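Topology and contacts: notes
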Amino acid sequence: MDHSRAPILEALAAYHASGQTPFTPPGHKQGRGVDPRVAEVMGLDVFRSDVLATAGLDDRRASGGVVQEAEELMADAVDADQAFFSTCGSSLSVKTAIMATAGPGEKLIIGRDAHKSVGSGLVLTGVIPVWVDPTWDHERQLAHPPSVEAFAAALKAHPDAKGVLVVSPTPYGTCADLTELTRVCHEHGRPLLVDEAWGAHLPFHPDLPTWAMDAGADMCVTSVHKMGSALEQSSVFHLRGDRIDPALLKARSDLLNTTSSSVLIYAALDGWRRQMVEHGRATYDRTLALAHHVRAAADDLDGFHVYGRADYDGMIADMDPLQVVVDVSATGASGYAMADWLREHHQINMHLSDHRRISAQLSHADDEKSAEALLAALRDLADRAGELPAAQVRVPGDLRLDQVMAPRDAFFAETEPVPADRAAGRISAEMLTPYPPGIPAALPGERLTGDVLAYLTTGLRSGMVIPDAWDSSLETIRVVKE
Ligand SMILES: Cc1ncc(COP(=O)(O)O)c(C=O)c1O
């Protein structure tokens, strides 16, 4: 295929050149109606290219096949049989992936370190999760993707489950053995779905962890805005083989999708694919070398340790070196306080922070200058760490809760708020998700324990944020009325 082409960008350029006059949404009409104060901050270009996908970018019948052609190029670029663009983030794509595999009352085998969009997908669909425990890294108090053996045991115990869903890489960059997991799933005649939200760059360099399509997985979902050059909310479904029916995927995604897909998002996705096919290898040669330098320099700082492959020996299949996860526990200060301090004093925003870590996401957009800004800030931070508050989070040895009711039943049940100190033993009717990274500590239908409640309430006092809770102060928790 001709990867020097970018059908969506070409159609957009043609739209501009042909002087179309829209009597359609968007109502700003290519920026003419935008308040100058908005234009001053955002610029007019963004509005100029914000056109309708049909009866705009393409004609009323979409007869130019513009988006479809761009999707075919994307599939070709990343070794998928088919690719579908979505403008609603992987949060929606993950729900669609669930719906394309299982229906109400049917089982899906899922690693419990899933993103909150999986919890929402289970509530919306009525699919029953068979949870598989993540590999718990006791020393680092960190969850990695479940082992292949754990998934194999679940497949054996639940032959009626419709498929397997795993997150890889995790937001901390650790990866499952997707090749072996695919083999095991296919041995059981079941599809493997990979939430590869953090892996849009993986197809473009051999030294990065294995990309799900190369591992033979049936479907992967990726957020190209996270690690790639696409705009926020851009997501792509990639399919391979015939275990997932593309027509069924399309029909089910139509239930959730917007009818006003953003051409801005489509265009940036198209450009990202061309950029990576033409320059990906050289780009990531440079980015990986930069990551190597940043990791080594940050690791040298007093009280800081950057996690590397050796730390995770035997627990993971691979890791993404672009997620620079710094363990700061030796300094005594909390990762939350450090992240706040970096933003306030150095205008540096960290990707993740928790009670004992801060993490910087590097991407192909970083260079020596941004890396030096990060390292200068980290050096200063290492010198000031003693002045920052310690985390007082009670992290239990076991964070796992029992799923005693289907997520959907618990979410839609009659519920009541109870004080957090009286919620242990009750069934949660809500998701309680420290964000980032967005992995729910409690899901609807799970029985709450004192340990998990203590983790969340002490976490909150130390700087954790739990945005999806009904009562974000966690004074009360919404539980099923019994
Ligand atoms: C593992 C994982 N899956 C899915 C998502 C949702 O992606 P998006 O933000 O594109 O909706 C996230 C977001 O952080 C995530 O971490």
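With antiparallel pairing, four strands are arranged side by side in an open sheet as β11-β13-β15-β14. Bordering the open sheet on either side are β11 (305-306) and β14 (352-353), each of which pairs with just one other strand. Here two bridges tie β11 to strand β13 (residues 323-327), and the two strands are oriented antiparallel to one another. Residue pairing across strands places Val-306 opposite Val-326, the latter belonging to β13.

Attention shifts here to helix α4 (residues 66-77). In an α-helix, one turn spans 3.6 residues, which is why side chains three or four residues apart end up on the same side. Between the first and last C-alpha of α4 there are 17 Å, a value that for 12 residues agrees with the 16 Å anticipated at 1.5 Å per step. Those residues of α4 that fall on the buried side of the exposure criterion are Val-66, Val-67, Ala-70, Glu-71, Leu-73, Met-74, Ala-75 and Ala-77. Tucked into the core, α4 has its buried residues touching α1 (7-17), β1 (82-86), β10 (235-239) and α12 (263-299). Downstream of α4 by one or two residues, Asp-79 has phi in the positive range, about 60°.

Domain boundaries in the chain define domain 1 (1-64), domain 2 (65-274), domain 3 (279-387) and domain 4 (402-480). Computed from C-alpha atoms alone, the centre-to-centre distance between domain 3 and domain 4 is 31 Å. Taken together, the contact pairs five residues of domain 3 with six residues of domain 4. Taken together, both faces of the contact between domain 3 and domain 4 bury some 380 Å²; the carbon and sulfur share is 66%. On the domain 3 side of the contact with domain 4, Tyr-336, Leu-352 and Ser-353 bury the most area, a combined 81% of that side's loss. Put simply, domain 3 and domain 4 have zero salt bridges between them. Connecting domain 3 to domain 4 are zero residue pairs in polar contact (both at pLDDT 80 or more).

All right, on to the sheet that holds β1 then. Taken in spatial order, the seven strands of this open sheet run β1-β10-β9-β8-β6-β2-β3, and their pairing is mixed. Pairing within the sheet leaves two strands with one partner each, and these edge strands are β1 and β3 (128-132). Taking each pair of neighbouring strands and ignoring which way they run, the sheet shows an average axis angle of 20°. Pairing analysis gives two bridges linking strand β2 (residues 107-111) to strand β6 (residues 164-167), with the strands arranged parallel. The partner of Ile-109 across the bridge, within β6, is Val-164.

For the structure shown, the criterion picks out four aromatic pairs. Ring geometry for Phe-85 against Tyr-266: centres 6.1 Å apart, planes inclined by 45°, an arrangement best described as tilted. Of this pair, Phe-85 sits in strand β1 while Tyr-266 is found in helix α12, placing the two residues 181 residues apart along the sequence. The class for Phe-85 is buried, based on a relative accessible area of 6%. With a centroid separation of 5.1 Å and an interplanar angle of 85°, the aromatic rings of Phe-411 and Phe-412 are classed as edge-to-face. Residue classification places Phe-411 among the partly exposed residues on the basis of a relative accessible area of 40%. Residue classification places Phe-412 among the exposed positions, given a relative accessible area of 57%. Lying over the aromatic face of Trp-131, Arg-112 brings its terminal NZ or CZ to 5.3 Å of the ring centre. The lysine or arginine in question, Arg-478, covers the ring of Trp-470, its NZ or CZ lying 3.7 Å from the ring centre.

The rules behind each value
- Residues numbered from 1 in each chain as written.
- Predicted model: local features only at pLDDT ≥ 70, side-chain atom pairs only at ≥ 80, totals over all residues.
- Heavy atoms only, no water.
- Pairing = 2+ DSSP bridges.
- Helix = DSSP H or I, 4+ residues; strand = E, 2+ residues; numbered from the N terminus.
- Expected span 1.5 Å × (residues − 1).
- Buried < 20%, exposed > 50% of the residue type's maximum accessible area, 1.4 Å probe, protein only.
- Contact = heavy atoms within 4.5 Å.
- Domains from an automatic or database assignment.
- Buried area = accessible area lost by both parts, 1.4 Å probe.
- Salt bridge = Lys/Arg side-chain N within 4 Å of Asp/Glu carboxyl O.
- Polar contact = N/O pair within 3.5 Å; in protein donor to acceptor, adjacent residues only side chain to side chain.
- Axes fitted to C-alpha atoms, helices over the stretch in contact; angles between N-to-C directions.
- Phe/Tyr/Trp six-rings, centres within 6.5 Å; stacked < 30°, edge-to-face > 60°.
- Lys NZ or Arg CZ within 6 Å of the ring centre and 35° of its normal.

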